[in-house]
Amino acid sequence: MMDDTKKGADLMAILKGPLDELFHYCKENDWAGFDPYDGLNSRVYLATPLKNSKICRIALIQALKRLPVNLRPLLMVPRLQNPKALALFLSAFVKLSKLGLLKDEGLIQAMTELLAVLRSPGNRYWNWGYSFPWQTRGELVPQGSANLVCTVFVANALLDAFDLTSDTRCIEMAGSAADYLLDELYWTQGGELACFSYPLPTTHVPIHNANFMGAALLCRLLKYGGGKRYRDSALKVARYSAARQQPDGAWGYGESPGQRWVDNFHTGYNLCALRTLGHCAETGEFQGALRLGFDFYRKNFFRQDGAPKYYHNRTYPIDIHSVAQSIITMLELKDLSEHNLPQARSVLTWALDNMWDDNGYFYYRIYPLFKNKISYMRWSQAWMLLALATFAEHVQEWIKRGI
């Protein structure tokens, strides 16, 4: 037991260096930065007639996302604070505070206040959107337009903060966000289909990670006073998406013909949300789907060297978001397999060896012939700070239990 405890302490010592450096990097940049999808914020592009072309909007976003050279400064794309990134930072701060690793406790209140300032405008609910407009295959989503995914991450972070600080503003904002999901995004069709709209309230296409994450938030709010309406709607939505699980345990991203891909981090979202939902709603109804999905996840998304695959059937691009979510998923579901802790460590070790920059941040992607070393604040750094904080949380628990 002593040797295992020493191994845990040694692992914490290895972890603390990158954790401190990444924290410093994000703070020095005022929690703001570029994003893979922020091309439409280009002041150069917005000064041209091309801004009115759907094809040009898609082309610009995809070009800047894929190029290994960062053209954003040349195109006058500003570095911005993104509400989803701030939510991930806030959740990380809470974990670090509980571990005694947050040197400035005032950051929790400051980040809460910043999220309040950055709420989506013109809406009676507390809700949030991204710091950039983005063009889907069918819709243009305006900058700051509230959406389910961003709102759910912020609401969960606020609940994390409330559990630590008892700041009632956090509960008020998170509760309003849940009402937004139910009043403006929840829709049904027939007796079985029940979903949350994403990315716009008018989008009535089933997206499984949006369904599971929205349902999990509603169930998490049950212990803070969420009523029967929360539970009933959450279970109905979760049942719909659970029923769309494939026989091998996978979920496609969504139900439209162009959304049938199966990827790492959205699968991780689904699994973690199912765990939260089952725990908070006190139901074992989804345990079978969770175990089947996790078995598929564990068998299909990792190389032997620890690198997380992007898709279940091909490796590249190796994406830092997949790294972060893989670590979080393995740790949050560590009771499902004795191999989860070693797998999480393997992923982290691989990422530090292959995607860490000496300037204190993580690279975006690795392709077969090159690395994209651009730093993205939301997609990369915020996610990895939360993953490192989650890892530290579990290592400290490991040390305390002496296992």
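Everything that follows concerns the structure shown earlier in this document.
Scoring rules and cut-offs
- Residues numbered from 1 in each chain as written.
- Predicted model: local features only at pLDDT ≥ 70, side-chain atom pairs only at ≥ 80, totals over all residues.
- Heavy atoms only, no water.
- Helix = DSSP H or I, 4+ residues; strand = E, 2+ residues; numbered from the N terminus.
- Rg over C-alpha atoms; globule rule 2.2 N^0.38 Å.
- Lys, Arg positive; Asp, Glu negative; His and termini not counted.
- Charge placed at Lys NZ, Arg CZ, Asp CG, Glu CD.
- Buried < 20%, exposed > 50% of the residue type's maximum accessible area, 1.4 Å probe, protein only.
- Contact = heavy atoms within 4.5 Å.
- Core = buried A, V, L, I, M, F, W, Y, C linked by side-chain atoms within 4.5 Å.
- Pairing = 2+ DSSP bridges.

Participant: Even after reading the chapter, I still don't get the overall build of the protein, so can you show me in this structure?
Facilitator: Summing up its helical and strand segments, the protein has 14 helices and nine strands in all. Its C-alpha atoms give the protein a radius of gyration of 20 Å, within 12% of the compact-globule value 22 Å for 403 residues. Judged by the C-alpha coordinates and their principal axes, the protein covers about 65 × 50 × 45 Å. For the protein, the distance from the average site of its 44 positive side-chain charges to the average site of its 38 negative ones is 5 Å.

Participant: How should unusual backbone geometry be read in this particular structure?
Facilitator: Glycine aside, residues mostly have negative phi, and peptide bonds are mostly found in the trans state. The omega angle of the peptide bond from Y198 to P199 is 10 degrees, so this bond is cis rather than trans. Mapping P199 onto the fold places it in the loop between β4 (193-196) and α8 (208-220). Residue P317 is reached from Y316 by a cis peptide bond, and omega for that bond is 0 degrees. Mapped onto the elements, P317 comes out in the loop between α11 (287-300) and β5 (318-319). Residue D30 is not a glycine yet carries a positive backbone phi of 55 degrees. Looking at the secondary structure, you find D30 in the loop between α1 (2-28) and α2 (43-46). At E282, a residue that is not glycine, the phi angle is positive and equals roughly 55 degrees. Among the structural elements, E282 can be located in the loop between α10 (264-280) and α11. By relative accessible area, E282 is classed as exposed at 74%.

Participant: For this particular structure, what's the right way to read the environment of E332?
Facilitator: With respect to the element layout, E332 can be found in helix α12 (residues 320-332). Placed 159 residues apart in sequence, E332 and M173 show a C-alpha to C-alpha distance of 25 Å. Dropping the residues within four chain positions of it, E332 is found in contact with K95, C272, R275, T390 and H394.

Participant: Any chance you could explain the nonpolar core here in plain terms?
Facilitator: In a soluble, globular protein the nonpolar side chains are often hidden away together inside. Of all hydrophobic cores here, the largest spans 136 residues; its most connected members are F89, F93 and F362. With 13 residues, the top contributor of residues to this core is helix α14 (residues 377-401). With residues up to four places along the chain from it excluded, the contact list for F89 reads C26, W31, M111, M377, Q381, A382 and L385. Judged by nonpolar contacts, the second largest core, of five residues, contains L40, L60, I61 and L64.

Participant: Can you help me understand the pairing of strand β3 (residues 186-189) in this one?
Facilitator: Within a regular strand, side chains alternate between the sheet's two faces. By the bridge criterion, four bridges tie β3 to β4 in an arrangement that is antiparallel. Within the sheet, the bridge partner assigned to Y186 lies in β4 and is F196. The antiparallel hairpin formed by β3 and β4 contains three residues in its connecting segment, where G190 sits at a positive phi of about 70 degrees.

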